[in-house]
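Here is what each chain is made of, one letter per residue.
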Amino acid sequence: MDIIRNFPLFTIVLSLFSGVLCTMLKGKTAKNYTLIYEGVLIVLTACVLFYTVGNGSSFTYTMGEFPAPWGNEIRAGVLEALTALFFLVILFCSVMAGWKFLIIDIDESKINLYFTLINLMTAALMALVWTNDIFTGYVFVEIMTLTSCGIMIVREIGRTTLAAVRYMILNLLGSGLFLLGIVLLYDITGHLLMVPMRETIAGFAAEGTDMTSIMLSLGILTIGLSIKSGLFPFHFWMPDTYGWSTPTSGSILSSLVSKAYIFLLFKIYYRVIGPSVFEALPIRKIIFVLGILGMVFGSVSAMRQKNINRMVAFSSAAQIGYIYMGLGIGGIDGYAAAMFQIFAHSVTKSLLFLTTPRLSEVSGHSLLFRNLQGSGYRAKDAGLVFLLCSFSMVGIPIFAGFSAKLNFATAAAGAGSYRILFFTMIALAVSSVLNALYFIRTCIRIYTSGRGGADIYAPGLYEEANARPGSDLPSGETTVSGSEEPLFSRLDYWIPAAILTGLNLYLGLFSWQTVGLIEKGLAMFP
Amino acid sequence: MTEKFRKWLDGDIDVMENITETTLQHDASREEIKRQEKRLRETIWELPGTGRIVGAERRTALIIYRVIAIISCVLLIGTLLYIVGHLPLYGVENPRATEVTKRYVEDGLRETGAVNIVAGMILDYRAFDTLGESHVLFTALICVMILLRKDSKNMRSAYEDYFTVEQDTYFRTHQDMIIRKIGFFLVPCIFIYGIYILLNGQISPGGGFSGGAVLGAGMIIFTSAYGFDKVDKFFTLKLSGYVTFAALSFYSFAKGYVFIMGANGLENHIPKGTPGAILSGGMILPLDIAVGLVVACTMYGFYSLFRRGSIGGN
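These numbers come from a predicted model, not from an experiment.

Q: Explain the overall build of chain A here, please?
A: If you tally the helices and strands in chain A, you get 22 helices and 2 strands. Compactness check: chain A gives a C-alpha radius of gyration of 22 Å against a globular reference of 24 Å for 526 residues, within 12% of the reference. If one aligns the C-alpha atoms of chain A with their principal axes, the spans along those axes are about 75 × 55 × 40 Å. Going through the 526 residues of chain A one by one, you find that 63% of them count as buried. Looking at chain A alone, contacts between residues at least 24 apart form 80% of all its contacts between residues at least 6 apart.

Below, the structure is given as structure tokens:
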């Protein structure tokens, strides 16, 4: 047996150990350790990716000596390895670029605890990606929920505590429904491992047994995970959660946590229920409609925001809608488009959340649009990156967002249903226009010369809560300019920004490569 | 007499000691409460965009909210009742549904060496889930530490400190005879019982989680009877950190070893022992001890953090 087959296990168990280890380290050591460790994980995952692509098949890994229906199991294929690799790269970049703000936002004695949570979250992300057991999924969903709340409240200002409490209540509701769904499915099928579950369900389908209870259990499970990932009617926790956390947390929460839940949900649809059974269920139509509604209403809410972070967060709601729409379109193309959108959106959104604090930093630490005027000139690097990310979000060719939208259109055209094609096209058009409206507004704002609101700056409660603790409010001419920043902290931002922008362009220009890999992965996914 | 009783009811007077508490401090603390509440409102509630609805709008919103809540509850109840009505019958031989449990029940003792099949299931057959589960507790402890441990940003308000310090000093000077005496006899028994549950996890009902919870409860009772000072002498943040670190990393590496050996088809050389003996069940006993230590530290940590915002003094 090749040694590479052990790597998925290493990524999970070593992450758990790293989490515990970080409690013993000092803050800065913990950060350096985490960065190096993430680098090692990236190498391990890349090995798994090459191994599975070379082999042309996925492999299962028994956890212990007991085989499938009795013991736990993880499974690695091309799609899992690719997702894990993307997640780890984004995690690495988020930690690296957000460090400068972490030391301001977090009390010194708690920085190591923050990295404990980051490492535990890595373990949970990896476990959700690799697992082949639905209950293991639940256990690590719990870890994910707790760590998400933890990395939010660590900023210790009123807004984050409030956002975290709201997030926790909604997420616990989601976890509860998810657990209920698992329990019911276990009761019906008698299995917790995904493949035996599918075999049992396929047996029911062949015998012509009533599928209503399976469908209802799946519905409960879907509601649970869609609350956690922020599908349309449940997206109202997003702006506070993403907008007020420290940049690293905002970036991780928006680009990784919600995507991991969607990946798990997709795995359940594809591996537990099976694509043929799933496509006959009405759940698919419901998430298609909700996805489209999310695309439109998320964008409408984003347009009404006065705060750049809240705008970016609401645009996440719209982008999550795209992913669910892809799952709703169905077929290999639809699923591949949804997976591609997961990657494209994670790459773009994480960089956006790492860029806005730099724009606000040179505008008196305010996130309000009126104060951000001209910030693109004051922080040239951040302005440029924001512009490029906006291009990707709007869907301008050569960027990832364009390829994602093209994939959805192609998938809808190939779905063989005029209704799906019609609604997808309309939704894509409306959503693109709305996206363009609010991102162009922001770009015009940050590239309009003048000091904007920085001159008419009136410190109120809003700005006070907004200002990073420990920083002075700007007065007159003493606004901080980007050039005073020390080189290492600029490099801290430039390297991740370069990696993520490069990935973005790669996904945009060579989308066929990634889509090819995804399709290869989907072929070995069931 | 009645006046005294009313005063005692209001908490103004300590009947036992006949010491009237200084009303002055109380007034100060009331001012402090008002100030704290105002600060809370300002920092959290009265910010634009928080969506604080007032007046007639609020009433409409509340009605809509209640209607939606009732509808979704009724829907959920209906769905669950429908599913429960259509679940496979319990106890009826169904080869698909009983395949897993059958092996656990019939071969569990032989394959894991544990008389307690539940322990064999969670720590041997499905050990990976339990590995995650024990880290869930640890994650919760870290989150509570982030939220409640005192630091430069999270200063406890004077109001909170007033009561904590007052109660602590009160307990130091007026130790409650009943609690102390009962604690004196009870705490050793609780500890022995906890250790018993912990060590017998593979033989009888119990194991790491329940034994650790009993140990933690024993520590909490000890603290209530004798005050934090006594506990702080041996249980510091550092010790708690080392114990948790050692237990959890032992858990990760031991289970990682078993996983790797099992998955690669190698012999793991862990003796199963004689079923029923205390040294049986392979890895179950040491893992139970590790989990128990983590649970005990977590339980006491929660109590201490909620009570005074630190573990083991400052």
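Next comes the rest of the description.
Q: Help me understand the overall build of chain B in this model?
A: When you go through chain B residue by residue, the secondary structure sums to 12 helices and 2 strands. Evaluated residue by residue, chain B yields a buried proportion of 29% over its 314 residues. Partitioning the intrachain contacts of chain B with sequence separation of at least 6 by distance along the chain shows that 73% fall at a separation of at least 24.

Q: Before we go on, may I ask you to explain the interface of chain B and chain A in this structure?
A: How big an interface is tends to be stated in terms of accessible area lost as the parts join. Each partner contributes to the interface: chain B provides 50 residues, whereas chain A provides 59 residues. Where the side of chain B that touches chain A is concerned, the elements lending two or more residues are helix H2 (23–45), helix H3 (55–85), helix H4 (95–112), helix H6 (127–148) and helix H11 (237–263) of chain B. For the side of chain B that touches chain A, the leading source of residues is H6 of chain B, giving 15 residues.

Q: How should the packing of helix H6 (residues 158–189) of chain A against helix H8 (residues 212–229) of chain A be read in this particular structure?
A: In helix packing, the relevant descriptors are the interaxial angle and the interaxial distance, both defined with respect to the helix axes. Residue and element names in this part refer to chain A. Contact pair H6 / H8: the axes reach a minimum separation of 7 Å and the direction vectors enclose 155°. Relative to H8, the element H6 is oriented roughly antiparallel. The chirality of how H6 crosses H8 is left-handed. Tallied by class, the residues present in the contact of H6 with H8 amount to 16 nonpolar, 7 polar and 1 charged.

Q: Mind showing me how you'd approach H6 of chain B here?
A: Residues separated by three or four positions in an α-helix point in the same direction, a consequence of the helix having 3.6 residues per turn. The end-to-end C-alpha distance of H6 of chain B is 32 Å, a good match for the 32 Å that 22 residues give at a rise of 1.5 Å each. Most of H6 of chain B sits inside the fold, with 16 of its 22 residues counted as buried.

Q: Help me understand unusual backbone geometry in this model?
A: Leave glycine aside and you will find that most residues have negative phi; peptide bonds, for their part, are mostly trans. Residue and element names in this part refer to chain A. In this model, isoleucine 398 sits at a positive phi of 75°, which is unusual for a non-glycine residue. When you line up the elements, isoleucine 398 lands in the loop between helix H17 (380–394) and helix H18 (400–413). Given 12 C-beta atoms within a 10 Å radius, isoleucine 398 is considered exposed.

Q: What is the right way to look at the packing of H18 of chain A against helix H21 (residues 487–509) of chain A in this model?
A: Residues and elements named next belong to chain A. Running from amino to carboxyl end, H18 crosses H21 at an angle of 35°, the nearest separation of the two axes being 7 Å. Two packed elements cross with a definite hand, and for H18 against H21 that hand is left-handed. On the side of H18, the interface is formed by Ala400, Phe402 and Ser403, while H21 contributes Asn504, Leu507 and Gly508. Tallied by class, the residues present in the contact of H18 with H21 amount to 3 nonpolar, 3 polar and no charged.

Q: For this particular structure, what's the right way to read the nonpolar core?
A: Generally speaking, nonpolar side chains in soluble globular proteins are found buried as a group. Ranked by size, the top nonpolar core spans 233 residues in total, and within it Tyr114, Ala124 and Leu128 of chain A together with Val294 of chain B carry the most contacts. Sequence-distant contacts of valine 294 of chain B, defined by excluding residues within four places in its chain, comprise Ser134, Leu137, Phe138, Gly212, Thr244, Ala247 and Leu248 of chain B.

Q: Would you take a moment to explain the environment of serine 240 of chain B for this structure?
A: Residues and elements named next belong to chain B. Residue position: serine 240 is located in helix H11. The sequence separation of serine 240 and threonine 298 amounts to 58 residues, and the corresponding C-alpha distance is 8.7 Å. Once you skip the residues sitting within four places of it in the chain, serine 240 turns out to touch Phe235, Cys297, Gly301, Ile311 and Gly312.

Q: Would you mind showing me how to read helix H2 (residues 27–55) of chain A here?
A: Residue and element names in this part refer to chain A. Here H2 is 29 residues long and its end C-alpha atoms lie 42 Å apart, about the 42 Å a rise of 1.5 Å per residue gives. Of the positions making up H2, those classed as buried are Gly27, Ala30, Lys31, Thr34, Tyr37, Glu38, Leu41, Leu44, Thr45, Val48, Leu49 and Thr52. Close packing links the buried residues of H2 with helix H1 (7–22), strand E2 (73–76), helix H3 (78–105) and helix H4 (111–130). Looking one or two residues past H2, glycine 56 carries a phi angle of roughly 75°, positive in sign.

Q: Which parts of the structure should I look at to understand the confidence of the model for chain B?
A: Fine structural detail should not be taken from predicted coordinates in areas where pLDDT scores are low. All names here are of chain B. When pLDDT is averaged along chain B, the result is 80; 78% of the residues meet or exceed 70. Throughout residues 18–25 the model reports pLDDT below 50, and contacts reaching past four residues in sequence, or to other chains, amount to 4 contacts. Per the prediction output, this complex has pTM 0.89; the corresponding ipTM is 0.89.

Q: Help me out: how do you make sense of the environment of alanine 313 of chain A in this one?
A: Residues and elements named next belong to chain A. Here alanine 313 shows up in helix H13 (residues 308–329). For alanine 313, a count of 30 C-beta atoms within 10 Å translates into the label buried. It is 41 Å that separates the C-alpha atoms of alanine 313 and alanine 68, two residues lying 245 residues apart in sequence. Residues within four places of alanine 313 in sequence aside, it is in contact with Met238, Pro239, Tyr242, Gly243 and Ser254.

Q: Before we go on, may I ask you to explain the environment of tryptophan 130 of chain A in this structure?
A: All names here are of chain A. Along the chain, the position of tryptophan 130 falls in helix H4. Residue tryptophan 130 is classed as buried on the basis of its 27 C-beta neighbours within 10 Å. Separated by 55 residues in sequence, tryptophan 130 and arginine 75 place their C-alpha atoms 5.5 Å apart. Excluding anything up to four places from it in sequence, tryptophan 130 contacts Pro8, Ile12, Ile74, Arg75, Ala76 and Glu80.

Q: Looking at this model, I keep getting lost on the confidence of the model for chain A. Mind explaining?
A: Residues and elements named next belong to chain A. Scored by pLDDT, chain A comes out at a mean of 87, with 93% of its residues at no less than 70. Mean pLDDT across the elements of chain A ranges from a minimum in helix H20 (residues 461–466), with 42, to a maximum in H4, with 95. Overall, residues 453–483 carries pLDDT values under 50, and its contacts beyond four positions in sequence, including any with other chains, amount to 51 contacts.

Scoring rules and cut-offs
Residues numbered from 1 in each chain as written. Chains lettered and ligands numbered in written order. Predicted model: local features only at pLDDT ≥ 70, side-chain atom pairs only at ≥ 80, totals over all residues. Helix = DSSP H or I, 4+ residues; strand = E, 2+ residues; numbered from the N terminus. Rg over C-alpha atoms; globule rule 2.2 N^0.38 Å. Buried ≥ 20, exposed ≤ 12 C-beta atoms within 10 Å, placed from the backbone. Contact = placed C-beta atoms within 7 Å. Axes fitted to C-alpha atoms, helices over the stretch in contact; angles between N-to-C directions. Parallel < 35°, antiparallel > 145°, perpendicular 65-115°, else oblique. Left-handed = near helix turned anticlockwise from the far one by under 90°. Nonpolar A, V, L, I, M, F, W, Y, C, P; charged D, E, K, R; others polar. Expected span 1.5 Å × (residues − 1). Core = buried A, V, L, I, M, F, W, Y, C linked by C-beta atoms within 7 Å. pLDDT = per-residue confidence, 0-100.

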